[in-house]
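# Overview (structure and organization)
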Amino acid sequence: MITLEDADLRLNRAVTFEWLYTNGLGGYTSSTIVGLNVRGYHGLLVSSLNPPVDRWLTLSRLDEVLINKDGECNLSTEQTTEGVTHRGYRYLKRFELNPLPQMVYATGCVELEKTVFMAYRKNLTVVNYELKNSEETVFTVTPLQTCRDIHNRHPHLDFTPGFEVINEQSYFSFDERPNSPWMYAYTPDAEFMPTELRITDPQVYRRDKAMGLPCEEQMVIPGVFHTVLEPGEHFLSFLFAVGS
């Protein structure tokens, strides 16, 4: 087991610790311990459409926000062309790899454990959250998506994204290109609230930038998963799968 705490969680050091979990097909899920993607190869769902090659990135990361009497806490860490705009690493108390990557966050009245893994021989990523909250808390999870070959990085979207809501708990994402995959998102534990399609500011991959590689990329936000948690202990699971 690998455990990282204290000084290892300071941003400039934390982004040097990267984790990767594979599915046995050539696909993987990968990031840094604070969830800031510093390479264009990072992402929560990288799928191999023709194993072990033809890899596509569809889900870059998830932004998690807690809202309660203490205010709003964004647990994500984001770097754009404007600098570091989300500083969720400040709430990270511990990272463990045993063998799954697990991030432990704490705010004033909430403790949250986030675990990420891929199903064996499936292009499917699961993100689980275990929460303990002493006050009523609104919990939102926002997918940041793209749809590109893992080796291609365009600073601006080069496709027209499309989304279709299936029901209150799931949706499909797709685009007009004949060779691109679709992605299915589902949770039994929150309501999906679609929004007008949002395009993010360019995300910056700081490790790629330092190496002189293409380092900026826009993401797509189709909506937000939303739930209200009464005081107590909760388990929430989110599934993201790719097909073609």
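Below is a short write-up of the structure. (Residues numbered from 1 in each chain as written. Predicted model: local features only at pLDDT ≥ 70, side-chain atom pairs only at ≥ 80, totals over all residues. Heavy atoms only, no water.)

### Re the sheet that holds strand S12 (residues 124-133)
In sheet architecture, strand pairing relies on hydrogen bonds along the backbone and comes in two forms, parallel and antiparallel. Pairing within the open sheet is antiparallel, and its nine strands lie in the order S1-S9-S10-S11-S12-S21-S16-S15-S14. Two strands close off the open sheet at either side, each with one partner strand: strand S1 (2-4) and strand S14 (161-167). Geometrically, the sheet is characterised by an average inter-axis angle of 15° between neighbouring strands, direction not taken into account. As defined by bridge partners, S12 adjoins strand S21 (residues 232-243) across 10 bridges and the pair is classed as antiparallel. Paired with Glu130 across the strands is Phe235, a residue of S21. (Pairing = 2+ DSSP bridges. Helix = DSSP H or I, 4+ residues; strand = E, 2+ residues; numbered from the N terminus. Axes fitted to C-alpha atoms, helices over the stretch in contact; angles between N-to-C directions.)

### Thoughts on the packing of aromatic side chains
Following the criterion strictly, the structure yields 10 aromatic pairs and no others. Among the aromatic residues, ring-to-ring pairing joins Tyr129, Phe139, Phe163, Tyr171, Phe192, Phe225 and Phe238 into one connected group. When the ring centre of Tyr41 is taken as origin, the NZ or CZ atom of Arg153, which lies over that ring, is 4.4 Å away. (Phe/Tyr/Trp six-rings, centres within 6.5 Å; stacked < 30°, edge-to-face > 60°. Lys NZ or Arg CZ within 6 Å of the ring centre and 35° of its normal.)

### Looking at the nonpolar core
Membership of the largest hydrophobic core comes to 42 residues, with the highest contact counts inside it found for Val34, Tyr129, Leu131 and Phe139. Here Val34 is in contact with Leu9, Leu11, Ala14, Val15, Thr77, Tyr89, Leu92 and Tyr105, once residues within four sequence places are set aside. (Core = buried A, V, L, I, M, F, W, Y, C linked by side-chain atoms within 4.5 Å. Buried < 20%, exposed > 50% of the residue type's maximum accessible area, 1.4 Å probe, protein only. Contact = heavy atoms within 4.5 Å.)

### Let's talk about the pairing of strand S13 (residues 137-149)
Of all 13 residues in S13, 12 are buried, a share of seventy percent or more. Pairing analysis gives 10 bridges linking strand S5 (residues 53-68) to S13, with the strands arranged antiparallel. Among the inter-strand pairings, Leu62 is bridged to a residue of S13, identified as Pro143. As paired strands, S13 and strand S20 (residues 220-229) are joined by six bridges and run antiparallel to one another. Its bridge partner lying in S20, Thr140 is registered against His226.

### Some points on the state of the cysteines
Under the defined criterion, the tally for this structure stands at zero disulfides. Cysteine Cys73 shares no disulfide, and the gap to the nearest cysteine sulfur, in Cys109, comes to 8.1 Å. Here Cys109 falls in the buried class, since its relative accessible area comes to 8%. (Disulfide = S-S within 2.5 Å.)

### Things to note about the pattern of salt bridges
One pass over the structure, following the stated rule, counts 11 salt bridges. For Arg207, the salt bridge is made with Glu18, and the minimal N-O distance between the two is 3.8 Å. Of this pair, Arg207 sits in helix H2 (residues 206-210) while Glu18 sits in strand S2 (residues 18-22), placing them 189 residues apart in sequence. Look at Arg207 and you get partly exposed, because its relative accessible area is 26%. Residue classification places Glu18 among the partly exposed positions, given a relative accessible area of 35%. (Salt bridge = Lys/Arg side-chain N within 4 Å of Asp/Glu carboxyl O.)

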